[in-house]
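Listed here are the chains, written in short residue letters.
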Amino acid sequence: MTVHLEVAEGVGTLRLDRPPMNALDVATQDRLKELAEEATRREDVRAVVIHGGEKVFAAGADIKEMQAMDHTAMVLRARALQDSFTAVARIPKPVVAAVTGYALGGGCELALCADYRIAGENAKLGQPEILLGLIPGAGGTQRLARLIGPSKAKDLIFTGRQVRADEALALGLVDRVVPADEVYTQAHAWASKLAQGPALALRAAKESVDTGLETDIDTGLAVERNWFAGLFATEDRERGMRSFVEEGPGKAKFL
């Protein structure tokens, strides 16, 4: 298998394993969707790390496989391609991408599906599809613009240029830059901390933010309002407020 789901202490690691560059061929895309849906269902997975290994996150699509596809074949495949990435984006739990080395094309688009991105100092990110006479097809034109703004997204997409970790941080494409050998450790620590939190409230927060970015503010506020009121029916809300009153802030245990 080219993608694995490893679960320990509430954190599920979606690990790409297609050496040497973790090229995202059709089989890898389908496996990614399958495991993202499994991570969504499993109650023992409370947060997720996406990792490609110590040397490379994912260098993009399998170009040789794509070269053999004609228009008809890609019309039939394009939705499944997007669906595999959307399955990751819609995991209703905190998701962090641990980015080392190249995250290009589909690799960058996969990182965009996470809620938070930690990059190694050796990371290089970009959307080079224009250099193939194409555009990003796994969500890059949509998620990148939402993340860093349309002008900056167009610069990267129009030119196909790669950006190093420091520029990616300045653009807002990644959220933290650390030594390459610390990327997975720090990503796992981020996920582990959130895995101890109130699962339903985290789900509500993620859905409210994501829905608000995709719709008008009144609809977003309605989603927020409904989740906010609904959380008053949960044990986590009772536990959190009781702990605050009795012990002070930040001491509630939700597991």
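Presented here is a report on the structure given in the accompanying data block.

What counts, and at which threshold
- Residues numbered from 1 in each chain as written.
- Predicted model: local features only at pLDDT ≥ 70, side-chain atom pairs only at ≥ 80, totals over all residues.
- Heavy atoms only, no water.
- Helix = DSSP H or I, 4+ residues; strand = E, 2+ residues; numbered from the N terminus.
- Buried < 20%, exposed > 50% of the residue type's maximum accessible area, 1.4 Å probe, protein only.
- Contact = heavy atoms within 4.5 Å.
- Areas by Shrake-Rupley, 256 points an atom, 1.4 Å probe, with all protein chains shown as cover.
- Lys, Arg positive; Asp, Glu negative; His and termini not counted.
- Charge placed at Lys NZ, Arg CZ, Asp CG, Glu CD.
- Pairing = 2+ DSSP bridges.
- Axes fitted to C-alpha atoms, helices over the stretch in contact; angles between N-to-C directions.
- Phe/Tyr/Trp six-rings, centres within 6.5 Å; stacked < 30°, edge-to-face > 60°.
- Salt bridge = Lys/Arg side-chain N within 4 Å of Asp/Glu carboxyl O.
- Patch = residues over 30% accessible without salt bridge, like charges linked within 9 Å, V, L, I, M, F, W, Y side chains within 5 Å.
- Arc of directions from axis to C-beta.

**With respect to the overall build of the chain**
- Each helix and strand counted, the chain has 11 helices and 9 strands in total.
- Viewed in the frame of its principal axes, the chain has a C-alpha envelope of about 65 × 40 × 35 Å.
- The buried share of the chain, reckoned over its 255 residues, is 43%.
- A fraction of 70% describes how many contacts in the chain between residues 6 or more apart in sequence connect residues 24 or more apart.
- Roughly 13400 Å² of accessible area belongs to the chain as shown, and the carbon and sulfur atoms make up 56% of that amount.
- Across the chain, the 31 positively charged side chains and the 36 negatively charged ones have centroids separated by 1 Å.

**Notes on the sheet that holds strand 2 (residues 11–16)**
- Within the open sheet, the 6 strands sit side by side as 1-2-3-4-6-9. Their pairing is mixed. The strands lining the two open edges of the sheet, one partner per strand, are strand 1 (3–8) and strand 9 (176–178). Between one strand axis and the next, the sheet turns by 20° as a mean value, whatever way the strands run.
- Here 4 bridges tie strand 4 (residues 95–99) to strand 6 (residues 116–120), and the two strands are oriented parallel to one another.

**Points about the packing of aromatic side chains**
- Going through the model one piece at a time under the given rule, you end up with 2 aromatic pairs.
- Ring centres 5.5 Å apart and planes at 75° place the aromatic pair Phe228 and Phe232 in the edge-to-face group.
- Using a relative accessible area of 37% as the deciding quantity, one classes Phe232 as partly exposed.

**Quick word on the pattern of salt bridges**
- Here the structure, examined in full by the defined rule, presents 13 salt bridges.
- Here Arg18 ties to Asp25 by a salt bridge, and the two come within 3.4 Å at their closest N and O atoms.
- For Asp25, a relative accessible area of 10% gives the class buried.

**Structural notes on a negative patch on the surface**
- On the surface, a cluster of negative charge is made up of Glu54, Glu121, Asp181 and Glu182.
- Locating Asp181 in the fold gives a position in the loop between strand 9 and helix 8 (183–195).
- Asp181 gets classed as exposed once you look at its relative accessible area, which sits at 68%.

**Looking at helix 5 (residues 140–148)**
- Of all the positions in helix 5, only Gly140, Leu144 and Ile148 are classed as buried. On an axial view of helix 5, the arc spanned by its buried residues comes to 20°, and they lie on one face.
- In this structure, the buried side of helix 5 is in contact with helix 4 (106–112), helix 6 (150–159) and helix 7 (165–171).
- Taken from the residues just after helix 5, Gly149 is the one with a positive phi, measuring 95°.

**Structural notes on the environment of Lys253**
- With respect to the helices, strands and loops of the structure, Lys253 is situated in the segment after helix 11 (235–247).
- Taking the C-alpha atoms as reference points, Lys253 and Glu129, separated by 124 residues in sequence, lie 46 Å from one another.

**A look at helix 6**
- Among the residues of helix 6, Ala153, Leu156 and Ile157 are the ones counted as buried. Each buried residue of helix 6 sits inside an arc of 95° when the element is viewed along its axis, so together they form one side. Looking at helix 6, the residues exposed on the side facing more than 90 degrees away from the buried face are Ser151 and Phe158.
- On its buried side, helix 6 packs onto helix 5, strand 8 (162–164) and helix 7.
- Where helix 6 ends, the next residue or the one after it, Gly160, has phi of about 70°, a positive value.

**A few points about a nonpolar patch on the surface**
- Together, Ile63, Leu132 and Leu134 make up a nonpolar patch on the protein surface, roughly 260 Å² of accessible area in all.
- Tracing the backbone through its elements, the reader meets Leu134 in the loop between strand 7 (124–126) and helix 5.
- Its relative accessible area of 38% is what places Leu134 among the partly exposed residues.

**Quick word on the environment of Gln67**
- Mapped onto the fold, Gln67 is located in helix 2 (residues 63–67).
- Its relative accessible area of 68% is what places Gln67 among the exposed residues.
- The spatial distance from the C-alpha of Gln67 to the C-alpha of Gly10 is 40 Å, given a sequence separation of 57 residues.

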